[in-house]
Amino acid sequence: EVQFHPWDKTYNFSVHDLQLIIGDYVILETKLGQEMGRVIGLKELTDAEVSALPEPLKPVIRKANKEDLEQALELKKNKTKIFNECKAIIKKFGLPIKLVDVHFSFDDTRITFAFIAEGRVDFRELLKELNKTFKRIIRLQQIGIRDEIKISGDIGACGRNLCCQSFFKDLGNITSDLAEVQQVAHRGSDRLSGVCGRLKCCLSYESKLYNELADNLPMLGEKVK
């Protein structure tokens, strides 16, 4: 399982005989070109599971070497400059967009700008201007408020680093029903909301245990021996 940037989903690749561990950086061939990604999970699939995949797994080209890592760092040197230039262009067009992050493809042919916006935004003119300014393929990717927090990081009410930034990647759909299951809905939105302003992801993380307890523990008022 590989992730290219903190606000993106994970993608599966075949490692074949490569010896990799979680945290390694790898070079990959994607539909859009060559990329460097970070290994965030390793799992073994049976032949049947591989056959059931919608499309064949692309192989990892190689584990990133010193030269690859230096090349990636070199690409990031202009990140702040390009980020600020894009913000200025967004302001020029008066678009209701908050720019969050910039990602450069490993082959330096693409720049992806991640942004937050309320609802849909017509950014066709912005895209033209960015193409003209940076002379690369430009991708604009709308992300959610939770994804922004994954990038900036923070400390939760528990005093630890946020789960969504550290280890809990598959949040799923976090709804008020999870608070009902855990009998904390009465606490109010202030206590149930995380630093992102949305329902805490630990409601989802703990839901499986609460459902097991609800199925197996005695009811309130029931006599036990």
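These figures come from a predicted structure and were not determined experimentally.

### Section: the confidence of the model for the protein
Logical step 1: Averaged over every residue, the pLDDT of the protein is 85; the share at 70 or more is 97%.
Logical step 2: The element-level mean pLDDT for the protein is lowest in helix α5 (residues 145–152), coming to 72, with helix α3 (residues 79–93) highest at 92.

### What to know about helix α2 (residues 66–76)
Logical step 1: Asp68, Ala72 and Leu75 are the residues of α2 that are buried. Taken end-on, α2 shows its buried residues confined to a sector of 60 degrees, consistent with a single buried face. Away from the buried face of α2 by more than 90 degrees, exposed residues Lys66, Glu67 and Leu73 are located.
Logical step 2: Summarising the contacts, the buried residues of α2 are in contact with β2 (25–30), β3 (33–39), β4 (60–63) and β5 (98–104).
Logical step 3: At the N-terminal end of α2, a side-chain oxygen is found 3.1 Å from the backbone nitrogen of glutamate 67, two or three residues along, and the residue is asparagine 65.

### Focus: the pattern of salt bridges
When their charged atoms lie close together, side chains carrying opposite charge are able to pair.
Logical step 1: Under the counting rule described, the total for this entry stands at 11 salt bridges.
Logical step 2: Where lysine 79 meets aspartate 101, a salt bridge forms, and the shortest distance between an N and an O atom there is 2.9 Å. With a gap of 22 residues between them, lysine 79 in helix α3 and aspartate 101 in strand β5 connect regions that are remote in the sequence.
Logical step 3: A relative accessible area of 28% places lysine 79 in the partly exposed class.
Logical step 4: Look at aspartate 101 and you get buried, because its relative accessible area is 8%.

### Some points on helix α4 (residues 124–134)
Logical step 1: What α4 keeps buried is the set Leu126, Glu129, Leu130 and Phe134. Buried residues of α4 fall within an arc of 110 degrees about the axis and therefore sit on the same side. For α4, the exposed residues set more than 90 degrees away from the buried face come down to Arg124, Lys128 and Lys132.
Logical step 2: Taken together, the buried residues of α4 touch α3, β6 (110–116) and β7 (137–142).
Logical step 3: Phi turns positive one or two residues past the end of α4, at lysine 135, with a value near 55 degrees.

Definitions and cut-offs
Residues numbered from 1 in each chain as written. Predicted model: local features only at pLDDT ≥ 70, side-chain atom pairs only at ≥ 80, totals over all residues. Heavy atoms only, no water. pLDDT = per-residue confidence, 0-100. Helix = DSSP H or I, 4+ residues; strand = E, 2+ residues; numbered from the N terminus. Buried < 20%, exposed > 50% of the residue type's maximum accessible area, 1.4 Å probe, protein only. Arc of directions from axis to C-beta. Contact = heavy atoms within 4.5 Å. Polar contact = N/O pair within 3.5 Å; in protein donor to acceptor, adjacent residues only side chain to side chain. Salt bridge = Lys/Arg side-chain N within 4 Å of Asp/Glu carboxyl O.

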